[in-house]
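Listed here are the chains, written in short residue letters.
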Amino acid sequence: MIVTGGCYCGALRYEATGEFLAKGMCFCRECRHISGGGANVILGMPAAGFTYIAGQPSAFTRDDFEGSVTREFCGTCGTHILTKSPRMVGAVLIKVGSLDDQNVYDMPSMAVYCCEKKPYHVVPDGVASFDKFPTR
């Protein structure tokens, strides 16, 4: 599979190739910060198949707690493009909103950190839900 996408202003463009590793949504506090209050909706793809074809992202990693993720985003418009997590080495977690064709996502296969979701958050029927991150 090949997916393409970019940021809101067009300064960043990317291409990702490979099989989907995960389709999920996360309700942890960190993800809700980044998403503006809703779930963070991601498409996991192999890091080796991901490349920026236009522009270079800004990146941020919190250094005040262990296991922090690195978030890459457009330094001009602020659009979040992906997350690199120590829990998923070798993968990039692409923000579904940045995809050119969001129909490739279809539905999440799992929802994580549901213990932190708020009453106004909804997990679609039939989607596997986990209080934290599943350990397999």
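Calculation criteria
- Residues numbered from 1 in each chain as written.
- Predicted model: local features only at pLDDT ≥ 70, side-chain atom pairs only at ≥ 80, totals over all residues.
- Heavy atoms only, no water.
- Helix = DSSP H or I, 4+ residues; strand = E, 2+ residues; numbered from the N terminus.
- Rg over C-alpha atoms; globule rule 2.2 N^0.38 Å.
- Buried < 20%, exposed > 50% of the residue type's maximum accessible area, 1.4 Å probe, protein only.
- Contact = heavy atoms within 4.5 Å.
- Areas by Shrake-Rupley, 256 points an atom, 1.4 Å probe, with all protein chains shown as cover.
- Lys, Arg positive; Asp, Glu negative; His and termini not counted.
- Charge placed at Lys NZ, Arg CZ, Asp CG, Glu CD.
- Salt bridge = Lys/Arg side-chain N within 4 Å of Asp/Glu carboxyl O.
- Phe/Tyr/Trp six-rings, centres within 6.5 Å; stacked < 30°, edge-to-face > 60°.

A. Main features of the overall build of the chain. Broken down by element type, the chain carries one helix and 11 strands. Ordering the α and β elements of the chain from the N terminus gives β-β-β-α-β-β-β-β-β-β-β-β. Against the compact-globule benchmark of 14 Å for 136 residues, the chain has a radius of gyration of 14 Å, which places it among compact chains. Its C-alpha atoms give the chain principal-axis dimensions of about 40 × 35 × 25 Å. Here the chain holds 136 residues, and 39% of them are scored as buried. Expressed as a percentage of contacts within the chain between residues at least 6 apart in sequence, the contacts between residues at least 24 apart total 55%. Summing over all exposed atoms, the chain offers an accessible surface of approximately 7,600 Å²; the carbon and sulfur share of this is 52%. Taking the 13 positively charged and 13 negatively charged side chains of the chain as two groups, their mean positions are separated by 5 Å.

B. Representation of the pattern of salt bridges. All chains considered together, the criterion is met by four salt bridges. Residue Asp 64 pairs with Arg 62 through a salt bridge whose shortest N-O separation is 2.6 Å.

C. Region of interest: the packing of aromatic side chains. Following the criterion strictly, the structure yields two aromatic pairs and no others. Ring geometry for Phe 50 versus Tyr 52: centroids 5.0 Å apart, planes at 85°, classification edge-to-face. Of the two residues, Phe 50 and Tyr 52, neither departs from the other in class, the shared state being buried. An aromatic cluster of at least three residues, connected via ring pairs, comprises Tyr 14, Phe 50 and Tyr 52.

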